[in-house]
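Working through the structure, step by step
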Amino acid sequence: MATARLLPLAFLLLPGALATADDAPFLGFSEQGAAAERALESRFDALLVADNLRTWMAELAARPHHVGSAWGQHNAEFLAGLFRSFGYDTRIEEFQVLFPTPITRSLELLGPHPFRAALAEPPLASDATSSQTAEQLPVYNAYSIDGDVTGELVYVNHGVPDDYKELALRGIDVRGRIVIARYGGAWRGIKPKVAAEHGAIGCLIYSDPHDDGYFQGDAWPDGGWRPADGAQRGSVADMPLYPGDPLTPSRGSTPDAERLPVRGAPTLTTIPVLPISYGDAQPLLAALDGPMAPEAWRGALPIPYRLGPSHAQAHLALAFDWSQKTIRDVIAVLPGSELPDEWILRGNHHDAWVNGATDPVSGLVSMLEEARVIGQLAKDGSRPRRTIVYAAWDGEEPGLLGSTEWVETHAAELGAKAVAYINSDTNSRGFLDAGGSHSLEQLVNEVARDVEDPERGVSVQERLRALRITRAASDEERRSVRERGNLRIDALGSGSDYSPFLQHLGIAALNVSYGGEEDYGQYHSIYDSVDHFARFMDPGFVYGLVQAKTMGRLVLRLANAEVLPFDFNAVADTVSTYVDELMALTDELRRSTDEHNRCLRDNTLLVAADARETFVAPAPEAAVPFHNFAPLQNAVAKLRESVAAHEAALNELQASGRTLSAEQRRALDEVLMHAEQSFTRPEGLPRRPWYVHQLYAPGWYTGYGVKTLPAVREAIEERHDDEAEAQIPLAARSIEAYAAGVARATAIVTGGSP
């Protein structure tokens, strides 16, 4: 049974290709091909040099290199020169994008005890680059609107929809007030969005020391965690609507592109928003009156956490330069020796909010070393069969600008030639973290099986398995991790450059990194420096090389496989799980709604654990209907049947001793590389047509966090019941389209017409 499960969709079944377990078969390779690939990867490992990562990080993170900066241009040209020296055909593609930078930033508490926020991160003698103040972007949120507002403060915890329900129960209204939210719980751009929906006039976001400051350990420079004056910059564009340049949705921001007017661009905030340090936040939070915040809302500052409103008003004033800036994507191409029109795409961004040693340079230098060695192997005669395209993206931090504009500009060619996109971002000491298209789950597991963890001397797959067993929430989950041959990979929401490939074009994608054992409180601050990285992130670049080994194998196996290494089994299993989750979600909503309404009918009093606090009784909720999930259940059944038939065809091919011809292999590649597109619909998701993938999307109220089967799931969650009924059959058709693609692959394997 285990052997049958490991038979891959695209395993090139030549005589003797069914290898024993000791031979560790490679998806998409014959036994002979796998042996050659294993030897190539051994040469790849031997050529990796940690000192290259150290040298390149010192150069790339030497100065601030945000969008439009002088060092950003320097880095693009430096990267292009490196790729050319590695043997790649290299170009820099430029786009003109809206990127606001601050002119005015002011935050003060008025009244009898006034306070003015510093809004600055001071240089530290032990952090060499923190003193480059003239080149640093100040602390701000990109794509906040200009504003000058005065109002009382209200603390809203993470500022997500459920937090406002808690406030409403306590009779606290944010209309006409400025909210203060802590980072966490959702992507930062959700916080001003939800605040505005509830009538707030401004939004402050602070980093609580409970989350990434002294509660976690010593603060920088004594330890790796965020100091009192450290603050997190970041974009607050409404990326769940669409990423990229706010003025050019669904089209590249080339010089002649039609642009929306800045005023009213839909992904800009509608209220002013500013990030602050916990040093600046403490006096503001201390000014709050009202009831104590729920226990789960309380952070680690030495003050009572109250909800407000404040006894004094706050004044927030922001103004920005709304000009366009030039971004520069570095594109490096290594043409394939046999299949030049099948592209393996690999990327990491190069822009940062300040110096960005961890984010993004730690991932970028690993990618550079990976590309260098693959280029060296090609010079030595081992040119990949398929074309490899490396990309160093600009403008990722403000909203995936470089990757999105490039994808939108080249959409037609990518739709025809792209096989898969493999992304990385930050990287540090710790455990493998992989997410993406589940057709690539088997490939990820085979690679993870073949990369050794330097701290434990076992494969990174087995180290991750041990972690998941330890952290399993239930015996059932623990048993599944132990017994399932492959570790599941995560579904992708948003937050890095895979999004336009996967969710806008339907190109299979992965996002891979290492981490979990670092002390990283310097995210998006001036202290994300080489000094910090060398002490607390990945000393010696040990996991930088592990990342290069992992990503290099993924790229090489995709580029060299005799048939593309995609697997349908995990897709069928995962989609089935998503449908089960939707039905369970509906049942749980129905139970909770019925219980809520029963309590109201029975006049059950809602009182706080502290009897002094009285709650406001909420209104009854509409009953949750019984949705018709039959179309989705039938579609999953068709997909399972189609995958089972394909497995049977592969087994029959193996038993017969037949081989696939070159024409059949190319036809099979054609089906495989476009299979993910079956999950897309040209009209996209409701109210956000840029996102066309029907399986994966960032959540409307989570941002980075994924929603699977998003059109149906979010309609159920938001109680758009008629919309849920309409979206269920549409999602089912996408699954059926994927099943039809599997059937075409089966026809090729059996020698019929695809």
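Refer to the structure presented above.
So, here is what we can say about the structure in this document.

About the criteria used
Residues numbered from 1 in each chain as written. Predicted model: local features only at pLDDT ≥ 70, side-chain atom pairs only at ≥ 80, totals over all residues. Heavy atoms only, no water. Helix = DSSP H or I, 4+ residues; strand = E, 2+ residues; numbered from the N terminus. Rg over C-alpha atoms; globule rule 2.2 N^0.38 Å. Buried < 20%, exposed > 50% of the residue type's maximum accessible area, 1.4 Å probe, protein only. Contact = heavy atoms within 4.5 Å. Areas by Shrake-Rupley, 256 points an atom, 1.4 Å probe, with all protein chains shown as cover. Lys, Arg positive; Asp, Glu negative; His and termini not counted. Charge placed at Lys NZ, Arg CZ, Asp CG, Glu CD. Polar contact = N/O pair within 3.5 Å; in protein donor to acceptor, adjacent residues only side chain to side chain. Axes fitted to C-alpha atoms, helices over the stretch in contact; angles between N-to-C directions. Parallel < 35°, antiparallel > 145°, perpendicular 65-115°, else oblique. Left-handed = near helix turned anticlockwise from the far one by under 90°. Nonpolar A, V, L, I, M, F, W, Y, C, P; charged D, E, K, R; others polar. Core = buried A, V, L, I, M, F, W, Y, C linked by side-chain atoms within 4.5 Å. Salt bridge = Lys/Arg side-chain N within 4 Å of Asp/Glu carboxyl O. Pairing = 2+ DSSP bridges. Phe/Tyr/Trp six-rings, centres within 6.5 Å; stacked < 30°, edge-to-face > 60°. Lys NZ or Arg CZ within 6 Å of the ring centre and 35° of its normal.

1. Section: the overall build of the chain
The helix and strand tally for the chain stands at 23 helices and 18 strands. Taken against the 2.2 N^0.38 rule, which gives 27 Å for 754 residues, the C-alpha radius of gyration of the chain at 26 Å falls within 12% of a compact globule. Referenced to the eigenvectors of the C-alpha coordinate spread, the extents of the chain come out at roughly 85 × 65 × 55 Å. Split into buried and exposed, the 754 residues of the chain put 60% on the buried side. Taking the intrachain contacts of the chain between residues at least 6 apart in sequence as the baseline, contacts between residues at least 24 apart amount to 79%. Accessible area for the chain stands at about 27,000 Å²; split by element, carbon and sulfur atoms hold 53% of it. Positive and negative side-chain charges in the chain, numbering 67 and 103 respectively, have mean positions lying 2 Å apart.

2. Digging into unusual backbone geometry
The omega torsion of the bond from Trp220 to Pro221 falls at 15 degrees, within 30 degrees of zero and hence cis. Within the fold, Pro221 resides in the loop between helix H7 (209–212) and strand E8 (234–235). In this model, Gly308 is joined to Pro309 through a cis peptide bond whose omega is 5 degrees. Structurally, the position occupied by Pro309 is in the loop between helix H8 (278–286) and strand E10 (313–321). A positive phi angle, close to 60 degrees, is found at Asn157, a residue other than glycine. Positionally, Asn157 belongs in the loop between strand E5 (147–155) and helix H5 (161–169). Residue classification places Asn157 among the buried positions, given a relative accessible area of 4%. One non-glycine residue, Leu709, lies in the positive phi region at around 45 degrees. The residue Leu709 is located in the loop between strand E18 (706–708) and helix H22 (710–717) in this model.

3. Examining the environment of Arg681
Take Arg681: it is sitting in the loop between helix H21 (662–673) and strand E17 (696–698). Judged by its relative accessible area of 16%, Arg681 falls in the buried class. Engagement of the side chain of Arg681 in a polar contact is seen with the side chain of Glu683, the distance being 2.6 Å.

4. Examining the packing of helix H19 (residues 569–601) against helix H20 (residues 630–656)
One way to put it is that H19 packs onto H20 with a least axis distance of 9 Å and a crossing angle of 165 degrees. Accordingly, the angle class assigned to the pair H19 and H20 is roughly antiparallel. Once H19 is placed against H20, the crossing between them reads as left-handed. Each of Asn569, Val571, Ala572, Asp573, Val575, Ser576, Val579, Leu582 and Met583 in H19 lies in contact with H20, whose residues at this interface are Leu632, Gln633, Val636, Leu639, Arg640, Val643 and Glu647. In the contact of H19 with H20, the residues fall into 10 nonpolar, 3 polar and 3 charged.

5. Describing the nonpolar core
If you look at the biggest cluster of nonpolar residues, it comprises 210 residues, and the most contacted ones within it are Phe83, Tyr155, Tyr206, Leu285, Tyr390, Leu414 and Leu639. Contact partners of Phe83, with chain neighbours within four places excluded, come to Tyr88, Thr90, Val330, Ala332, Met367, Leu368, Ala371 and Tyr390. In terms of nonpolar packing, the next biggest core, distinct from the first, is built from 7 residues, Trp690, Tyr691, Ala697 and Ala711 among them.

6. With respect to helix H6 (residues 190–197)
For H6, the tally of buried residues reaches 6 of 8 residues, placing the bulk of the element in the interior. Those residues of H6 lying buried are Ile190, Lys191, Pro192, Lys193, Val194 and Ala195. Where the residues of H6 are buried, they touch H5, strand E6 (178–182), strand E7 (202–206) and strand E9 (273–276).

7. Remarks on the packing of helix H2 (residues 31–47) against helix H18 (residues 542–560)
Relative orientation of the contacting elements H2 and H18 amounts to 145 degrees, with a least axis distance of 11 Å. The two elements H2 and H18 meet at a crossing, and its hand is right-handed. Between H2, through Glu37, Leu40, Glu41, Phe44 and Asp45, and H18, the contact on the second element is made entirely by Ala548, Lys549, Gly552, Arg553, Leu556, Arg557 and Asn560. The residue inventory of the contact of H2 with H18, partitioned by class, reads 4 nonpolar, 2 polar and 6 charged.

8. Overview of the pattern of salt bridges
In total, this model carries 44 salt bridges according to the counting rule given. Of the charged contacts in the structure, one is a salt bridge between Arg233 and Glu121, with a shortest N-O distance of 2.8 Å. Linking Arg233 in the loop between H7 and E8 with Glu121 in the loop between strand E3 (115–116) and strand E4 (141–142), this pair joins segments that are 112 residues apart in sequence. Just as Arg233 is buried, Glu121 falls in that class too. With a closest N to O distance of 2.9 Å, Arg478 and Asp475 form a salt bridge. Residue Arg478 and its partner Asp475 are located together in helix H15 (residues 475–483), separated by 3 residues, close to a single helical turn. According to the relative accessible area criterion, Arg478 is partly exposed, its value standing at 23%. Among the charged side chains, a salt-bridge network with shared partners connects Glu41, Asp45, Arg449, Asp450, Arg553 and Arg557.

9. Let's talk about the side chain of Glu405
Summarising the element assignment, Glu405 is placed in helix H11 (residues 401–409). Among the polar contacts listed, one links the side chain of Glu405 to the backbone nitrogen of Ser253, at a separation of 2.9 Å. With residues up to four places along the chain from it excluded, the contact list for Glu405 reads Phe95, Val97, Gly244, Asp245, Thr248, Arg251, Gly252 and Ser253.

10. Section: the sheet that holds E7
Sheets are built from strands paired through backbone hydrogen bonds, the pairs being either parallel or antiparallel. Read from one edge to the other, the open sheet built from 7 strands follows the order E3-E2-E10-E5-E6-E7-E9, with strand pairing classed as mixed. Pairing within the sheet leaves two strands with one partner each, and these edge strands are E3 and E9. As paired elements, E5 and E10 share 6 bridges and run antiparallel to each other. From the neighbouring strand, Val149 faces E10, where its bridge partner is Leu316. Set on the sheet, H6 makes contact with E6, E7 and E9; between it and E7 the angle comes to about 145 degrees.

11. Observations regarding the packing of aromatic side chains
Applying the stated rule across the entire model yields 25 aromatic pairs. Pairing Tyr140 with Trp353 gives two aromatic rings, centres 6.0 Å apart and planes at 90 degrees, and the pair type is edge-to-face. Here Tyr140, found in the loop between E3 and E4, pairs with Trp353, found in the loop between strand E12 (339–349) and helix H9 (357–379); they are 213 residues apart in sequence, far enough to count as distant. Given the relative accessible area of 3%, Trp353 is considered buried. A cation sits over an aromatic face here: Lys193 above Tyr701, 5.5 Å from the ring centre. Over the face of the ring belonging to Phe626 we find Arg590, whose NZ or CZ atom lies 3.6 Å from the ring centre.

12. Overview of the sheet that holds strand E14 (residues 418–423)
Read across the sheet, 7 strands follow the order E1-E11-E13-E12-E14-E16-E15 without closing on themselves; strand pairing throughout is mixed. Looking along the sheet, the strands with just one partner apiece sit at the ends: strand E1 (89–98) and strand E15 (430–436). Here the average twist between neighbouring strands, direction ignored, is 20 degrees. Strand direction decides the pairing type here: E14 and strand E16 (residues 509–516), joined by 3 bridges, are parallel. Opposite Ile422, over in E16, you have Leu510 as the bridge partner.

13. Considerations on the side chain of Asp163
For Asp163, the location among the structural elements is in helix H5. Although Asp163 is buried, it forms no salt bridge, and the closest oppositely charged side chain is Lys191 at an N-O distance of 6.8 Å. Other than its neighbours up to four places away in sequence, Asp163 contacts Val156, Asn157, His158 and Trp297.

14. Topic: the environment of Val749
Positionally, Val749 belongs in helix H23 (residues 721–749). Not counting residues within four places of it along the chain, the set of residues in contact with Val749 comprises His646, Ala649, Leu650, Leu653, Arg658, Leu660 and Leu668.

So yeah, pure geometry; function would need other evidence.
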